[in-house]
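Here is how the chains run, residue by residue.
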Amino acid sequence: MRTVVMTAAMIVAAAGLTACTEEQAYCVDLAGYAASAVNVDTQNAADYVKILADAKKLQDSAPKEVKDDWAAIVTFAEKAQKAGTDRVQLARLSKETGSVTTAYQAIATHAKDACKVDVPSLN
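The model shown is predicted, which means the values in this text are computed figures rather than measured ones.

Some points on the overall build of the protein chain
Counting secondary structure elements, the protein chain contains 5 helices and 0 strands. Within the span of the protein chain, comprising 123 residues, buried residues form 30% of the whole. Intrachain contacts of the protein chain at a sequence separation of at least 6 include 61% that bridge at least 24 residues. In the form shown here, the protein chain has an accessible surface area of approximately 7900 Å², with 59% of it arising from carbon and sulfur atoms.

Here you go:
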């Protein structure tokens, strides 16, 4: 009986370490993203290309609390990249900035609370 209890305790502890490691990995990736996103101009669609790879990586590793928010950021960045300098497409895309801003604010709050990382504010 004691062996079963010890084994169960070790499994629970290992699961906790794995979750912690995943959260820590996300936080490290998030800090890298924050450093590279400092000079991104949200009014310049070409700047989204700079952060798209990092945003995709964060979408994959994000905890469930912000996974959908990262999906919104990635989708918007992909649309901005595709629009390029097409003014009509960019005008259509500008109608989505409210939901993207809300998603980004949720990410920023989570980043500060869970990872102690300050992500750059949207310009």
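Quick notes on the state of the cysteines
Counted according to the given criterion, the structure contains 1 disulfide. Sulfur-sulfur distance for the disulfide between Cys 27 and Cys 115 comes to 2.1 Å. Given an S-S torsion of about -65 degrees, the disulfide between Cys 27 and Cys 115 has left-handed geometry. Taken together, the positions of Cys 27 in helix 1 (residues 2-36) and Cys 115 in helix 5 (residues 97-115) put the pair 88 residues apart, joining distant regions of the chain. With a relative accessible area of 14%, Cys 27 lands in the buried category. With relative accessibility at 11%, the residue Cys 115 sits in the buried group.

A closer look at unusual backbone geometry
Where the residue is not glycine, phi is negative for most of them; where a peptide bond is considered, it is trans in most cases. Even without being glycine, Lys 116 reaches a positive phi, approximately 60 degrees. Structurally, Lys 116 is set in the segment after helix 5.

Definitions and cut-offs
Residues numbered from 1 in each chain as written. Predicted model: local features only at pLDDT ≥ 70, side-chain atom pairs only at ≥ 80, totals over all residues. Heavy atoms only, no water. Helix = DSSP H or I, 4+ residues; strand = E, 2+ residues; numbered from the N terminus. Buried < 20%, exposed > 50% of the residue type's maximum accessible area, 1.4 Å probe, protein only. Contact = heavy atoms within 4.5 Å. Areas by Shrake-Rupley, 256 points an atom, 1.4 Å probe, with all protein chains shown as cover. Disulfide = S-S within 2.5 Å.

Function cannot be inferred from these measures alone, as they are strictly geometric.
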